[in-house]
Amino acid sequence: MSDRLIDTRADVARANRILANEGVLDAFGHVSVRHPGDPGRYLLSRSRAPELVEPEDVFEFDLNSELVKPTNSRLYAERVIHGEIYRARPDVNAVVHHHAPAMMPFCITGTSLVPVFHLGAALGAKVPFWDQKDEFGDTNLLVVKPEEGRSLARTLGPHNIVLMNRHGATVVGASVQELVFRAIYSCRNAEFQFQAQALGAIKPLSPGEIERAGKLSSLPTATHRTWEYWLMRLEKSGRAIGRAPGIAGGRRARLVTSKKKKVRGRKR
Ligand code: MN
């Protein structure tokens, strides 16, 4: 396995854990990252609560959301959300689907989610709203069929986030760091908007402000700084990868791999 793939699997585990630690994910929801060496594949955990995901739980899927190598592990039902968005959006390299409490009032009422503070510009100018019922009638609301995933990806269009009626939200990013930034600050924006609307009329950012502030929030200075901060908070919570008792972590696994490589190199 290449070092890039090892790192990306660890990033999938870290992103899941950060978003759980920051209140975006709970027992449900999932993060994926596009395969670093093959744009026709993505990396996603087996079915597990996000806060428990280890790098070893992360499997490769093709864009039909089928496993590349068979496993007996139980898989997430809503994989097509990831596969169909990667297929429709070559610019997207990371996806999270969640049911964060901050978003639910907007998912339930259809109230427009709009950037109300500078970091909220990560939402983008428009947050589309998808209702599974429009095309598919009565379902259990899980996005399971490929056509359901395609319909969601169509409604997402070129935007950053799509709200899902009575269900949750799906967020995309050009990198895993940008994704985590966007997922966390969009929830914060939802909380602020909800609270501010209780106080009085809100004045969202103008289209020009959204464009300018949105660019700022995808700069590495912002995404790296926040990633480091949220990783530190994860460490403090005792839930960083490789810290759970009896479970080998990505970092340890990686050390072992590189040592083996070195030994082999010397022999030659
Ligand atoms: Mn869901």
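Before any of the text, the structure's been laid out above.
Criteria and cut-off values
Residues numbered from 1 in each chain as written. Predicted model: local features only at pLDDT ≥ 70, side-chain atom pairs only at ≥ 80, totals over all residues. Heavy atoms only, no water. Helix = DSSP H or I, 4+ residues; strand = E, 2+ residues; numbered from the N terminus. Rg over C-alpha atoms; globule rule 2.2 N^0.38 Å. Buried < 20%, exposed > 50% of the residue type's maximum accessible area, 1.4 Å probe, protein only. Contact = heavy atoms within 4.5 Å. Areas by Shrake-Rupley, 256 points an atom, 1.4 Å probe, with all protein chains shown as cover. Lys, Arg positive; Asp, Glu negative; His and termini not counted. Charge placed at Lys NZ, Arg CZ, Asp CG, Glu CD. Expected span 1.5 Å × (residues − 1). Core = buried A, V, L, I, M, F, W, Y, C linked by side-chain atoms within 4.5 Å. Pairing = 2+ DSSP bridges. Axes fitted to C-alpha atoms, helices over the stretch in contact; angles between N-to-C directions. Phe/Tyr/Trp six-rings, centres within 6.5 Å; stacked < 30°, edge-to-face > 60°. Donors = N, O, S within 2.8 Å, 3.2 Å for Na, K, Ca; no water. Salt bridge = Lys/Arg side-chain N within 4 Å of Asp/Glu carboxyl O. Parallel < 35°, antiparallel > 145°, perpendicular 65-115°, else oblique. Nonpolar A, V, L, I, M, F, W, Y, C, P; charged D, E, K, R; others polar.

Engineer: Report on the overall build of the protein, specifying residues and quantitative values.
Structural biologist: Broken down by element type, the protein carries nine helices and seven strands. Relative to its length of 268 residues, the protein is compact, with a C-alpha radius of gyration of 19 Å against a globular reference of 18 Å. Residue burial in the protein is summarised as follows: out of 268 residues, 48% are buried. The long-range share in the protein, meaning contacts at least 24 apart out of those at least 6 apart in sequence, stands at 66%. Looking at the protein as shown, the accessible area adds up to about 13500 Å², and 54% of this sits on carbon and sulfur atoms. Between the averaged position of the 40 positive side-chain charges in the protein and that of its 28 negative side-chain charges there is a distance of 8 Å.

Engineer: Outline helix H1 (residues 3-21), listing residues and values.
Structural biologist: Every α-helical turn comprises 3.6 residues, leaving residues that sit three or four positions apart pointing alike. Along its 19 residues, H1 runs 26 Å from first to last C-alpha, staying within 8% of the 27 Å computed at 1.5 Å per residue. Trailing H1 by a residue or two, Gly23 shows a phi angle of about 85°, which is positive.

Engineer: Run through the nonpolar core, naming residues and quoting values.
Structural biologist: Counting residues in each nonpolar core, the largest one holds 67 residues, and the members touching the most others are Leu19, Ile85, Val96, Met103, Leu113, Leu163 and Val180. For this core, the element with the highest residue contribution is helix H6 (residues 176-199), accounting for nine residues. Leaving out residues up to four positions away in the same chain, Met103 has contacts with His98, Leu113, Leu163, Ala169, Ser186, Cys187 and Ala190.

Engineer: So what about the sheet that holds strand E6 (residues 161-164)? Which residues, and what values?
Structural biologist: The strand order across the open sheet formed by seven strands is E3-E2-E1-E4-E7-E6-E5, and the pairing between neighbours is mixed. Here the strands that pair on one side only, and so sit at the sheet edges, are strand E3 (58-62) and strand E5 (129-130). As judged from the four bridges shared by E6 and strand E7 (residues 168-173), these two strands associate in the antiparallel manner. Paired with Leu163 across the two strands is Ala169, which belongs to E7. Together, strand E1 (30-34), strand E4 (94-98), E6 and E7 form the strand contacts of H6, whose direction differs from that of E7 by roughly 145°.

Engineer: Kindly report on the packing of aromatic side chains, identifying the contributing residues and their values.
Structural biologist: One pass over the structure, following the stated rule, counts five aromatic pairs. Taking 4.9 Å as the distance between ring centres and 75° as the angle between the ring planes, the aromatic pair formed by Phe117 and Phe192 counts as edge-to-face. Note that Phe117 is positioned in the loop between helix H3 (104-109) and E5 and Phe192 in helix H6, a separation of 75 residues in sequence. Residue Phe117 is classed as buried on the basis of its relative accessible area of 16%. Relative to Trp230, the ring of Tyr185 has its centre 5.9 Å away and its plane inclined at 50°; by these criteria the two rings are tilted.

Engineer: Got a sec to walk through the coordination of the manganese ion? Specific residues and values, please.
Structural biologist: The protein atoms that coordinate the manganese ion are Glu78 (OE), His97 (NE2), His99 (NE2) and His167 (NE2), at distances of 2.1 to 2.3 Å. Sequence positions of the residues that donate to the manganese ion give the spacing E-x18-H-x1-H-x67-H. Given the relative accessible area of 0%, His97 is considered buried. The class of His99 is partly exposed, set by a relative accessible area of 25%.

Engineer: Before we move on, could you go through the pattern of salt bridges and cite the residues and values that matter?
Structural biologist: For the structure on display, the rule yields 16 salt bridges. Between Asp57 and Arg46 there is a salt bridge, with its nearest N and O atoms 2.8 Å apart. Of this pair, Asp57 sits in the loop between strand E2 (41-45) and E3 while Arg46 sits in the loop between E2 and E3, placing them 11 residues apart in sequence. The network of salt bridges with common partners includes Asp38, Arg41 and Glu60.

Engineer: So what about the packing of H6 against helix H8 (residues 220-237)? Which residues, and what values?
Structural biologist: In helix packing, the relevant descriptors are the interaxial angle and the interaxial distance, both defined with respect to the helix axes. Running from N to C, H6 and H8 point in directions that differ by 75°, and their axes come no closer than 9 Å. Taken together, H6 and H8 sit at an angle that is classed as roughly perpendicular. Within the contact between the two elements, H6 uses Val176, Gln177, Glu178, Val180, Phe181, Ile184 and Tyr185 and H8 uses Ala222, Thr223, Thr226, Trp227 and Trp230. Here the contact of H6 with H8 is built from residues that sort into eight nonpolar, three polar and one charged.

Engineer: Describe the environment of Trp230, naming the residues involved and giving the relevant values.
Structural biologist: Relative to the assigned elements, Trp230 resides in helix H8. Taking the C-alpha atoms as reference points, Trp230 and Ile18, separated by 212 residues in sequence, lie 6.3 Å from one another.

The values reported here are purely geometric and, on their own, carry no functional implication.
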